[in-house]
Amino acid sequence: MKLIINNNFVNRICDLSIDSDESFEIKGLRDSHCHLMWLGMQENGLKLDSCKSFEEVISISLAFQKSNSSFWLNGRGWNNENWKNKTLPTNDLLNKFFPDRPVFLKRIDGHAALTNNVALDLAKIDLHTNDPSGGKIQRDSNGKATGLLIDNAIELIEDIIPRPSDDEFIKHLLTAQDKCLELGLLEVHDMDVHLDWLPYFNHLANEKLLNLKVKSYIRGFDGVFLSKCNIPYIINNLEIAGLKFFADGALGSRGAALIEDYSDDAGNKGLFLIDEDSFFNYSMKGAKLGFEISTHAIGDAANRFTLHNYTKLRNNGVKVALRIEHCQMVHPDDILKFKELNIHAAIQPIHCISDKDMAYNRIGERVNYSYPWKSLLELGIEISGGSDFPIESPDPILGINAFISHDINWQKKEIIGLEDALNIYGVIK
Ligand SMILES: [Zn+2]
C-alpha cells in the first residue's frame, strides 16, 4: 500500500508494509518525541551512526578532523549494537590516533560517551574522581577511567566543551527543520530543550522562519527553568509547553532502572537519574506554573518510580497533562495506573525493532511485558508516536511500519492497525 504525503513542502510517495495496490493521501504527520538541535548538530557535524565497527568510527573521525580546525573533536551517533563485537568500547584506539586533541564521541542514545585521555585530563577525571549521582565513570581493574562515561557522568565533559556560536545553533535548527519537512513531518514535540537554546527558537519563531510546528518540553530536572523560563508561552509556530525529566538511562548502556537485575549483568539494576524529592518538588512547581510534565522512563523500576511521582502530583490537585516517554518496560502490576492517573504514553516503535536482540539479552523473558503498544491502546490510554531522532531516523514511515508489521515473535501480540498507527502519529488529513 502507498501513502502519499503532499503539502507545501513535500510530495512524497511512501511504501507501507501492507500488501495492497491501494494508495491514499495525507498532508503530514507529527513526531511526538524528538531532539531537533541534536539532529541538526549530528547532520552538520561528525556523524557516526552508519559505522559498522569501532575501527570505522576511528577512520571517519580521522577524515573529519582534516576538515575541522576546532580544538575539540565532537561526534555523535556510534552504536556498538551495529558492530560485530558489540561490547562497549574503551579509549585505547582513540588515545593512539588522537594523542593531542580532546575527543568526545556520544553514543547514539545520548546515554553514553567515549572520550580520550586528553579530554579526561582537561575535565580533571582521574583515579580519585567520584561518580556523579546518576552517572558512572567506567574504570578498568586498576581503577583507571576507560574513557566511557554513562549518563550524568557525560556532563563532566560536556561542561568544559566550548559552546557553538549563535549562528551555528541557528544553522543546526534550520537543518533539522528542513530534514523534518522533507520527510513529511509538519509538527514535532521537541524534548529536553536546553534553556540556553530558547533564544534561537524564539528568534526563528519571531521571524516566522519556523515552518515546522514545534511543541517544546524544556529541561526540568535541574530546576534551572524556575529562574530562566518559568511560564509556558506561544510565539507563532513555537509553543513552550512542558518540562522534561529523566527517571533513568537506556537499556543499551545498562542505565535503564530495573526492578530485578539485568539478565546479562548480575547485580546491576541500572541507574535512577533523579532522586524522589527533587523529582516531586520540580515537577510540582512546574505543574503549578502551567507546564505539562514529561518523564523519560525505560526500565520497569523507572516507570514505577515515575507513576509513583505522578500519583503524588494528581493527589496534590495537578491537572496538567502528564506524559511518560518511551514506556518500554511496564510491569503488569503498574499498567492500570496509566488509566487511573490519565497518563499520556509517548512511544517510539522503531526502538523495539532496532533493539530487539539487545533488549532480549538485557532483560530476557521480561520482553513479554515490554513495548506494550496494543496493551496501552486497549486500555484507552492516549498514545502518541515518535522516533526519538537523531537516535533513530526521523522518517515517520519507519515508525508506522514498525507499529503495523514486524517479525519479532515476542512482540507480535502488540502490533496495531494502520488507522491507529496514523492517529498515533498525529495524521494531518
Ligand atoms: Zn529522547
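Predicted model only: the values in this text are computed from it and were never measured. Residue indices begin from 1 for each chain and proceed along its sequence in written order. The model is predicted, so local features are restricted to residues of pLDDT at least 70 and side-chain atom pairs to those at 80 or more, both for listing and for counting; the totals for chains, interfaces and linings are taken over all residues.

Chemist: Looking at this model, I keep getting lost on the environment of Ser370. Mind explaining?
Modeler: The secondary structure listing takes helices from DSSP runs of H or I that are at least 4 residues long and strands from runs of E that are at least 2 residues long, numbered from the N terminus. Along the chain, Ser370 turns up in the loop between helix H12 (349–363) and helix H13 (373–378). In sequence terms Ser370 and Cys352 are 18 residues apart; their C-alpha atoms lie 9.0 Å from each other. We call two residues in contact when the distance between their C-beta atoms, placed using the backbone, is within 7 Å. If we skip the residues at most four places from it in the chain, Ser370 touches Gln328, Met329, Ala359 and Ile363.

Chemist: What is the right way to look at the environment of Ile137 in this model?
Modeler: Counting through the fold element by element, Ile137 comes out in strand E9 (residues 135–139). For the pair formed by Ile137 and Ile60, sequence separation is 77 residues and the distance between their alpha carbons is 25 Å.

Chemist: How should I be thinking about the nonpolar core in this particular structure?
Modeler: Soluble, globular proteins show a tendency: their nonpolar side chains are buried together. Among the nonpolar cores identified, the biggest contains 118 residues, and Leu149, Ala247, Ala257, Ala302 and Ala345 are the most heavily contacted of them. Split by domain, this core shows at least three residues from each of two domains, domain 1 (2–34 + 184–424) and domain 2 (47–158). Those residues in contact with Ala302 that sit more than four places away from it in its chain are Ala247, Asp248, Ala256, Ala257, Phe272 and Ala297. By convention the nonpolar core is taken to be a set of buried residues drawn from Ala, Val, Leu, Ile, Met, Phe, Trp, Tyr and Cys and joined through C-beta atoms within 7 Å. Exposure in this text rests on C-beta crowding, where 20 or more other C-beta atoms within 10 Å of a residue's own make it buried, 12 or fewer make it exposed, and counts in between make it partly exposed. The C-beta atoms are placed from the backbone. For the domains described, the bounds stem from an automatic or database domain assignment.

Chemist: Sorry, what's going on with the pairing of strand E6 (residues 73–78) here?
Modeler: Here is the key point about a regular strand: its side chains alternate between the two faces of the sheet. Burial analysis of E6 places 6 of its 6 residues in the buried class, the great majority of the element. Between any two strands, at least two bridges found by DSSP are needed for them to pair. Direction of pairing for strand E5 (residues 46–47) relative to E6: parallel, over a ladder of 2 bridges. Residue pairing across strands places Lys47 opposite Arg76, the latter belonging to E6. A crossover gets the label right-handed when its path from the first strand over the helix to the second runs clockwise, viewed with the strands pointing away from the viewer. The parallel pair E5 and E6, bridged by helix H2 (residues 54–66), forms a crossover whose chirality is right-handed. Strand direction decides the pairing type here: E6 and strand E7 (residues 103–107), joined by 5 bridges, are parallel. In the sheet register, Asn74 faces E7, and the bridge partner there is Phe104. With helix H3 (residues 92–97) bridging E6 and its parallel neighbour E7, the resulting β-α-β unit is right-handed.

Chemist: Would you mind going over the sheet that holds strand E2 (residues 11–15) with me for this structure?
Modeler: Strand pairing in a sheet relies on backbone hydrogen bonds. The paired strands run either parallel or antiparallel. The sheet built from 3 strands is open, its strands ordered E2-E1-E3 with mixed pairing. Strands at the two margins of the open sheet, each flanked by one partner only, are E2 and strand E3 (23–26). Neighbour-to-neighbour, the strand axes of the sheet open up by a mean angle of 20°, direction not taken into account. Both strand E1 (residues 2–6) and E3 contribute to a ladder of 4 bridges, which runs parallel. By the bridge assignment for E3, Lys2 is matched with Ser23. All axes here are fitted lines through C-alpha atoms, helices being fitted over the stretch that makes contact, and every angle between N-to-C directions spans 0 to 180 degrees.

Chemist: Can you help me understand the domain arrangement of the chain in this one?
Modeler: Note: interface size is frequently given as the accessible area lost on complex formation between the parts. Here the domain parsing of the chain yields domain 1 (2–34 + 184–424) and domain 2 (47–158). A straight line from the C-alpha centre of domain 1 to that of domain 2 covers 27 Å. Facing the 12 residues of domain 1 at the interface are 13 residues of domain 2. Each residue receives one of three labels: charged for Asp, Glu, Lys and Arg, nonpolar for Ala, Val, Leu, Ile, Met, Phe, Trp, Tyr, Cys and Pro, and polar for the others, Gly being one of them. When grouped by side-chain class, the residues that make up the side of domain 1 that touches domain 2 number 8 nonpolar, 4 polar and no charged.

Chemist: Before we go on, may I ask you to explain the packing of helix H9 (residues 276–288) against helix H10 (residues 300–315) in this structure?
Modeler: Closest axis-to-axis distance for the H9/H10 pair is 10 Å, and the angle between their directions is 45°. Regarding the angle of H9 to H10, the classification is oblique. For the crossing formed where H9 meets H10, the hand is right-handed. In this structure, H9 uses Phe279, Phe280, Ser283, Met284 and Ala287 to contact H10, whose residues at the interface are Asn309, Lys312 and Leu313. Among the residues making up the contact of H9 with H10, the classes are represented as 5 nonpolar, 2 polar and 1 charged. Roughly parallel means an angle under 35 degrees; roughly antiparallel means over 145; roughly perpendicular covers 65 to 115; every other angle is labelled oblique. Less than a right angle of anticlockwise turn of the near helix away from the far helix marks a crossing as left-handed, whereas a clockwise turn marks it as right-handed.

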